[in-house]
Amino acid sequence: MFKNLCLLFVFASCTLSVFAQKKDDILGKWVNPSGEGQVEIYKKGDKYNGKLVWIKDPNDDNGKPKLDIKNPNSSLRSRPVMGLEILKNFVFEDGKWTDGTIYDPKTGKTYSCNLSLKENGQLNIRGYIGISIIGRSESWKRVK
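Residues numbered from 1 in each chain as written. Predicted model: local features only at pLDDT ≥ 70, side-chain atom pairs only at ≥ 80, totals over all residues. Heavy atoms only, no water.

## A few points about the packing of aromatic side chains
The final tally for this structure, using the stated rule, is two aromatic pairs. Measuring from ring centre to ring centre gives 6.5 Å for Tyr48 and Trp97, while their planes differ by 80°; the resulting arrangement is edge-to-face. In this pair, Tyr48 sits in strand 3 (residues 47-55) while Trp97 sits in strand 5 (residues 96-104), placing the two residues 49 residues apart along the sequence. Its relative accessible area of 0% is what places Trp97 among the buried residues. In textbook terms, an aromatic cluster arises when at least three aromatic residues are bridged by ring pairs, as seen for Tyr48, Phe92 and Trp97. When the ring centre of Tyr42 is taken as reference, the NZ or CZ atom of Lys51 above it lies at 5.9 Å. (Phe/Tyr/Trp six-rings, centres within 6.5 Å; stacked < 30°, edge-to-face > 60°. Helix = DSSP H or I, 4+ residues; strand = E, 2+ residues; numbered from the N terminus. Buried < 20%, exposed > 50% of the residue type's maximum accessible area, 1.4 Å probe, protein only. Lys NZ or Arg CZ within 6 Å of the ring centre and 35° of its normal.)

Here it is, written out as C-alpha cells:
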C-alpha cells in the first residue's frame, strides 16, 4: 500500500511539473508567415501578451517610425507600431492559450484570438469575430 501511494505521489508530481512547463512553452520570439514582423510573447502576471519587437519596414516614407494611424481610438494614433502590444490577456487552459485578443495595426482592428502549439513547434494563431469557426488562422515560427 505504501509503495503504491509513493508511486502515485511521484506520478502526480511529474504530471504537475510537466503541466507547469507546458504553459510557458509559448514564451519567446515568433515570426509571422510573411516574415514582416516578429512578436515577443511574455508573461504579464498570470496572463500572456505579445509585442512587436521587429518589423521589416519600421519607418514611413519620410524616414520616421511608423505610427498606429489606423487605430479607431484617435488618442492612440500617435504611438509607434514598433513595441506595440498586439497580443493581450491570454490564459492557459487545457493545452491552449485562450480568451485573448490580437490587434492588427495594418487595419486597426482587434479580434478575439486563441493560440496553440502544433506538433511541429509552430504557433497556431486563430483570430475571429464572435465564434472561432468564423475566423482566420496562420502559423508563426519560433525565432532562433
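## A look at the layout of surface pockets
Leftover empty space is mapped by rolling, across the atoms, a probe with the size of a water molecule. Reported here for the largest pocket is a volume of approximately 830 Å³. As for the largest pocket, its lining consists of 30 residues, of which Asn32, Tyr103, Asp104, Pro105 and Lys106 are closest to the centre. Of all the elements in the fold, those that place two or more residues in the lining of the largest pocket are strand 2 (37-44), strand 3, strand 5, strand 7 (123-128) and strand 8 (135-142). Here the residues of the lining of the largest pocket sort into 15 nonpolar, five polar and 10 charged. (1 Å grid on protein atoms, 1.4 Å probe; cavity = no way out; pocket = protein on both sides within 12 Å on 5 of 7 lines; lining within 4 Å. Points joined across faces, edges and corners; volume = space filled by probe spheres on them. Nonpolar A, V, L, I, M, F, W, Y, C, P; charged D, E, K, R; others polar.)

## Describing a nonpolar patch on the surface
On the surface, Ile131, Ile133 and Ile134 cluster together into a nonpolar patch covering about 350 Å² of accessible area. Along the chain, the position of Ile133 falls in the loop between strand 7 and strand 8. On the basis of relative accessibility, which here comes to 74%, the residue Ile133 falls in the exposed class. (Patch = residues over 30% accessible without salt bridge, like charges linked within 9 Å, V, L, I, M, F, W, Y side chains within 5 Å. Areas by Shrake-Rupley, 256 points an atom, 1.4 Å probe, with all protein chains shown as cover. Salt bridge = Lys/Arg side-chain N within 4 Å of Asp/Glu carboxyl O.)

## As for the confidence of the model for the protein
Interpreting fine coordinate detail is not advised for predicted regions of low pLDDT. Per-residue pLDDT for the protein averages 88, and the proportion of residues at 70 or more is 85%. Low pLDDT, under 50, characterises residues 2-21; the predicted model gives this stretch one contact beyond four residues in sequence or across chains. (pLDDT = per-residue confidence, 0-100. Contact = heavy atoms within 4.5 Å.)

## Examining unusual backbone geometry
Look at Asn89: it is not a glycine, yet its phi comes out positive at around 65°. Tracing the backbone through its elements, the reader meets Asn89 in strand 4 (residues 85-93). Note on Asn89: relative accessible area 41%, which makes it partly exposed. Unusually for a residue other than glycine, Asp94 sits at a positive phi of about 50°. The residue Asp94 is located in the loop between strand 4 and strand 5 in this model. Judged by its relative accessible area of 74%, Asp94 falls in the exposed class.

## Describing the pattern of salt bridges
In the structure shown here, the tally under the stated rule is five salt bridges. As a salt-bridge pair, Glu36 and Lys106 come within 3.1 Å of each other at their nearest N and O atoms. Taken as a pair, Glu36 in the loop between strand 1 (28-31) and strand 2 and Lys106 in the loop between strand 5 and strand 6 (109-117) lie far apart in primary sequence, 70 residues in all. By relative accessible area, Glu36 is classed as partly exposed at 33%.

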